[in-house]
Amino acid sequence: MRKMLKILALTATLTFTPLMVADEYVDKNILIDAEDAIKLIGKENVMFVSGDNADVYKLGHIKGSVEMYAHHLHHSDITGEMHCAPLYRCLDDAEAYIGSKGISNDTMIIAYDDFKGPNATGVYSFFQSYGHKNLKVLNGGRAAIMKIDPEQIIYDEIKEKAKADKKAAKPAAKKLKEAKKGKIKLTEAQVAELTAIVKKSKAKQKEYKAQMKAQEKNLLVIKGDEHVEAKTYKINKDNLDFTHIAAKDEVKHAMEDILKNGKDSKYVIIDSRSMIEIIGERKMDNVARGGHIPGSTFMEWSKISDMKNKKSFKSAKDLKDAYAKYGISKDKTIYAYCMVGAGRGSEHITALKLLGYKNIKVFTGSWDVWGNDMNLPLKR
């Protein structure tokens, strides 16, 4: 059975891979599909890095991976000041943190999240800014690996059988319960028959539970804590990459140009947050003020993540259409922000990079910095 499922999974991989690459993103060096990534799980000098939070990681992560929650990659003090902006963290802090995750300079990093994209791209943007070259985003994240893992297929089949059996025994259990409360009357023979059904179902559930527990050790996506040995990571200042990150002064200049020139401005500032954050009704973390950067274009990150197919990004065509609808063209210099930059903001910048846009930057301080700086204007 297990061998047959592995063959079927491999066949599916060979069948569907050509369709996956047919999207033809301009930049083909960012994404890695599950079919290629699955071969690298457990390999030396390869580290899968989850951008989801610690709780999500414990509930399910790729075997051998580590957790680097995207929301915590950006470091600011209590006043929202980033001391090494536009870098997410100062060099010594970044080196210590990266090394603590068992990552060295020659490690291939595959960033992933549940499947949606923002947290994976946050990890991607973080490492890219420090000049790490061997770097990919797993398109479809953890869900994509689970979908093609033959052992996961076996596990899910057992789980479905347990669910179906439990459902089949429910009417019998319900009748026994109603009889006990005096709502219905049952003969001794009926009680015996129904009791036997429930008893058999409980025994089967116990068997299924044991089978699932035994199968868990074979899965590529597992539950539990992080296990990692620290390594040394060194950042070469000459390799720092500021191409796709920006600090508040640069974004402020863009805002002033947008307010002055309107649609004729050569800049676009994308606010990737939800409307409740944009209008200032919802404030997060220690930010003093709610609202948005004046002149921003409101384009929530969910418009570019492929929720239907559980992929981190929509097709190249759908992405082009989405950005065209909002007037976000390649001739503009584009900034994207969210709460902390690494996440919803980086999702936009990575999508634009896939499409071949050049002048694109994550505002790494994002609303955490802007909302706490009383000298910066805002709108609600």
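Report follows, based on the coordinates. Here the structure is a predicted model, which is why all the values come from computation and not from measurement.

1. A few points about the nonpolar core
For step 1, the next point in the chain: Within the largest apolar cluster, 51 residues are counted, with the highest numbers of intra-cluster contacts made by Phe127 and Tyr323.
For step 2, the next point in the chain: With five residues, helix α5 (residues 118-129) is the single largest residue contributor to this core.
For step 3, the next point in the chain: In contact with Tyr323, not counting residues within four places along its chain, are Ile270, Met299, Ile304, Ile328, His348, Ala351, Leu352, Leu355 and Tyr357.
For step 4, the next point in the chain: In this structure, Tyr267, Met284, Tyr335 and Val340 belong to the second largest nonpolar core, which totals 18 residues.

2. Focus on the state of the cysteines
For step 1, the next point in the chain: A full pass over the atoms with the stated rule returns one disulfide.
For step 2, the next point in the chain: Sulfur-sulfur distance for the disulfide between Cys84 and Cys90 comes to 2.0 Å. Its S-S torsion of approximately 95° makes the covalent link between Cys84 and Cys90 right-handed.
For step 3, the next point in the chain: Among the cysteines around Cys338, which has no disulfide bond, Cys90 carries the closest sulfur, lying 20 Å off.

3. Regarding the pattern of salt bridges
For step 1, the next point in the chain: According to the stated counting rule, one finds 16 salt bridges in the structure shown.
For step 2, the next point in the chain: Among the salt bridges present, the one from Lys116 reaches Asp114, with a minimum N-O distance of 2.3 Å.
For step 3, the next point in the chain: For Lys116, a relative accessible area of 27% gives the class partly exposed.
For step 4, the next point in the chain: For Asp114, a relative accessible area of 16% corresponds to the buried category.

4. With respect to the packing of aromatic side chains
For step 1, the next point in the chain: Taken as a whole and assessed by the stated rule, the structure comprises seven aromatic pairs.
For step 2, the next point in the chain: Judged by centre distance (5.1 Å) and plane angle (75°), the ring pair of Phe126 and Tyr130 falls under edge-to-face. Across the pair, Tyr130 and Phe126 agree in class, each one buried.
For step 3, the next point in the chain: For the cation-ring pair, Arg273 lies above Trp367, with the distance from its terminal atom to the ring centre recorded as 4.9 Å.

5. A closer look at a nonpolar patch on the surface
For step 1, the next point in the chain: Residues Met275, Ile279 and Phe298 make up a contiguous nonpolar surface patch of about 240 Å² in total accessible area.
For step 2, the next point in the chain: Along the chain, the position of Met275 falls in helix α10 (residues 275-278).
For step 3, the next point in the chain: Among the residues examined, Met275 registers a relative accessible area of 44% and is labelled partly exposed.

6. Points about the side chain of Ser125
For step 1, the next point in the chain: Secondary-structure assignment places Ser125 in helix α5.
For step 2, the next point in the chain: According to the relative accessible area criterion, Ser125 is buried, its value standing at 5%.
For step 3, the next point in the chain: Dropping the residues within four chain positions of it, Ser125 is found in contact with Tyr88, Ile245, Ser346 and Val362.

7. A look at the sheet that holds strand β4 (residues 66-67)
For step 1, the next point in the chain: Pairing is parallel in the open sheet, where five strands are placed in the order β1-β6-β5-β2-β4. Of all the strands in the sheet, just β1 (31-32) and β4 have a single pairing partner and so form its edges.
For step 2, the next point in the chain: Bridge count for strand β2 (residues 46-50) against β4 is two bridges, and the pairing is parallel. Bridging from a neighbouring strand, Val49 pairs with Val66 of β4.

8. Here's the deal with helix α9 (residues 248-261)
For step 1, the next point in the chain: Its 14 residues place the ends of α9 20 Å apart at the C-alpha level, agreeing with the 20 Å of an ideal helix rising 1.5 Å per residue.
For step 2, the next point in the chain: Val251, Ala254, Met255, Asp257 and Ile258 are the residues of α9 that are buried. Looking down the long axis of α9, one finds its buried residues gathered within 165° of arc, a one-sided arrangement. Of the exposed residues in α9, the ones pointing more than 90 degrees away from its buried face are Asp249, Leu259 and Lys260.

9. Let's talk about the environment of Lys147
For step 1, the next point in the chain: Note on placement: Lys147 falls in helix α6 (residues 141-148).
For step 2, the next point in the chain: The class of Lys147 is exposed, set by a relative accessible area of 68%.
For step 3, the next point in the chain: A C-alpha to C-alpha distance of 23 Å links Lys147 and Val123, two positions 24 residues apart in sequence.

10. Overview of the pairing of strand β6 (residues 135-138)
For step 1, the next point in the chain: Of the two faces of β6, both are covered, the one formed by Leu135 and Val137 as well as the one formed by Lys136 and Leu138.
For step 2, the next point in the chain: Here β1 runs beside β6; their pairing, made up of two bridges, is parallel. In the sheet register, Leu31 faces β6, and the bridge partner there is Val137.
For step 3, the next point in the chain: Pairing between strand β5 (residues 108-112) and β6: three bridges, direction parallel.

11. With respect to helix α7 (residues 150-180)
For step 1, the next point in the chain: Between its first and last C-alpha, α7 extends 45 Å over 31 residues, near the 45 Å set by a 1.5 Å rise per residue.
For step 2, the next point in the chain: The largest bend in α7 comes to about 35°, at Lys170, with the proline Pro171 one to four residues further on.
For step 3, the next point in the chain: When α7 is considered as a whole, its buried residues turn out to be Pro150, Glu151, Gln152, Ile154, Tyr155, Ile158, Ala162, Asp165, Ala169 and Ala172.
For step 4, the next point in the chain: Gly182 sits one or two positions beyond α7 and adopts a positive phi of about 85°.

12. With respect to the packing of α7 against helix α8 (residues 188-216)
For step 1, the next point in the chain: Orientation of α7 relative to α8, taken along the N-to-C sense of each, is 160°, at an axis distance of 9 Å. As summarised for this structure, α7 and α8 are arranged roughly antiparallel, according to the angle between their axes. Viewed along their axes, α7 and α8 form a crossing whose handedness is left-handed.
For step 2, the next point in the chain: Of the residues that constitute the contact of α7 with α8, the class distribution is 14 nonpolar, five polar and eight charged.

Each value, and the rule that gives it
Residues numbered from 1 in each chain as written. Predicted model: local features only at pLDDT ≥ 70, side-chain atom pairs only at ≥ 80, totals over all residues. Heavy atoms only, no water. Core = buried A, V, L, I, M, F, W, Y, C linked by side-chain atoms within 4.5 Å. Buried < 20%, exposed > 50% of the residue type's maximum accessible area, 1.4 Å probe, protein only. Helix = DSSP H or I, 4+ residues; strand = E, 2+ residues; numbered from the N terminus. Contact = heavy atoms within 4.5 Å. Disulfide = S-S within 2.5 Å. Salt bridge = Lys/Arg side-chain N within 4 Å of Asp/Glu carboxyl O. Phe/Tyr/Trp six-rings, centres within 6.5 Å; stacked < 30°, edge-to-face > 60°. Lys NZ or Arg CZ within 6 Å of the ring centre and 35° of its normal. Patch = residues over 30% accessible without salt bridge, like charges linked within 9 Å, V, L, I, M, F, W, Y side chains within 5 Å. Areas by Shrake-Rupley, 256 points an atom, 1.4 Å probe, with all protein chains shown as cover. Pairing = 2+ DSSP bridges. Expected span 1.5 Å × (residues − 1). Arc of directions from axis to C-beta. Bend = angle between axes of the 7 residues up to and from the residue. Axes fitted to C-alpha atoms, helices over the stretch in contact; angles between N-to-C directions. Parallel < 35°, antiparallel > 145°, perpendicular 65-115°, else oblique. Left-handed = near helix turned anticlockwise from the far one by under 90°. Nonpolar A, V, L, I, M, F, W, Y, C, P; charged D, E, K, R; others polar.

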